[in-house]
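Descriptive analysis of the structure
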Amino acid sequence: GIQVEQSPPDLILQEGANSTLRCNFSDSVNNLQWFHQNPWGQLINLFYIPSGTKQNGRLSATTVATERYSLLYISSSQTTDSGVYFCAVDRFYGGATNKLIFGTGTLLAVQP
Amino acid sequence: NAGVTQTPKFRILKIGQSMTLQCAQDMNHNYMYWYRQDPGMGLKLIYYSVGAGITDKGEVPNGYNVSRSTTEDFPLRLELAAPSQTSVYFCASSYGATRTDTQYFGPGTRLTVL
């Protein structure tokens, strides 16, 4: 099956710093999403981005589908950005099911 | 809207016991999913449903069963609990399965099997 690898596995930042998280996937995908899991375990969808670039406030994401990677940029980080960031993909075989394959995540800690 | 709700929040089971994890959504979503998250790992799909009466297996279905009698509810059943089923279980739902349909997640159920 498709493999999803994320790097770095963990990251410590000072508040105000910028960071880039990477997601590599082993095969072509039709669906790529970024999620944030906060320290209390709640999962929130950040971006649906199978290709191209999107921005939402201090966060932006770029997927280069032909090279099988996606990047999540966090600018001017805040302590509330702490948590685990997951990349998830779906190849969309045949009938659509939205069956996501998750990477192992990047654990981000933003220190005040 | 309450979104996706899960009960219980925490549970400790003994080996061999059974239990049902409850999941409900009030967003009139057609698609529902059960995932498990082991420590330090990403989520893995256990079962999913594309509508009432229709369910199918995900990546890791062994040891679990599901049913979907209504649009709102999607319970997950563990019949003979094993230590390997110690995990955090997340339920999610989405309106459809097109490429832009966001999955909304519940708060999770933390299960320990001793």
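Up top is the structure.
Residues numbered from 1 in each chain as written. Chains lettered and ligands numbered in written order. Predicted model: local features only at pLDDT ≥ 70, side-chain atom pairs only at ≥ 80, totals over all residues. Heavy atoms only, no water.

1. Details of the pattern of salt bridges
Residue and element names in this part refer to chain A. Quick note on the threshold: Criterion for a salt bridge: a side-chain nitrogen of Lys or Arg within 4 Å of a carboxyl oxygen of Asp or Glu. Secondary structure counts use DSSP, requiring at least four H or I residues in a row for a helix and at least two E residues in a row for a strand, with both numbered from the N terminus.
Counting across every chain of the model gives three salt bridges over all chains. For D81, the salt bridge goes to R58, with nearest N and O atoms at 2.9 Å. With D81 in the loop between strand 8 (69–74) and strand 9 (83–90) and R58 in the loop between strand 6 (52–56) and strand 7 (59–64), the pair connects residues that are 23 residues apart, well separated along the chain.

2. Some thoughts on the state of the cysteines
Disulfides are covalent bonds that connect the sulfur atoms of two cysteines. Selection rule: Two cysteine sulfurs form a disulfide in these notes if their separation is within 2.5 Å. Each residue gets one of three labels from its accessible area relative to the maximum for its type: buried under 20%, exposed over 50%, partly exposed in between, using a 1.4 Å probe on protein chains only.
Applying the stated rule across the entire model yields two disulfides over all chains. The disulfide partner of C23 of chain A is C87 of chain A, and the S-S distance across this bridge is 2.0 Å. Every disulfide takes its handedness from the sign of the S-S torsion; for C23 of chain A and C87 of chain A that torsion is -55°, giving left-handed. Remark: C87 of chain A occurs in strand 9 and C23 of chain A occurs in strand 3 (residues 19–25); sequence separation between them is 64 residues. Each of the two residues, C23 of chain A as well as C87 of chain A, counts as buried. Here C23 of chain B engages in a disulfide with C91 of chain B; their sulfurs sit 1.8 Å apart. Residues C23 of chain B and C91 of chain B share a disulfide whose torsion about the S-S bond is about -70°; that sign makes it left-handed. Note that C23 of chain B is positioned in strand 3 (residues 19–25) and C91 of chain B in strand 9 (residues 87–94), a separation of 68 residues in sequence.

3. Description of the layout of surface pockets
The line we're drawing: Cavities and pockets are found on a 1 Å grid laid over the protein atoms alone: a cavity is a set of points where a 1.4 Å probe fits but cannot escape, a pocket is an open set with protein on both sides within 12 Å along at least five of seven lines, and a lining residue has an atom within 4 Å of such a point. Grid points are joined across faces, edges and corners, and a volume is the space filled by probe spheres set on the points.
Estimates place the volume of the largest pocket at around 570 Å³. Within the residue set of the lining of the largest pocket, elements represented by two or more residues are strand 9 and strand 11 (106–111) of chain A together with strand 9 and strand 11 (109–113) of chain B.

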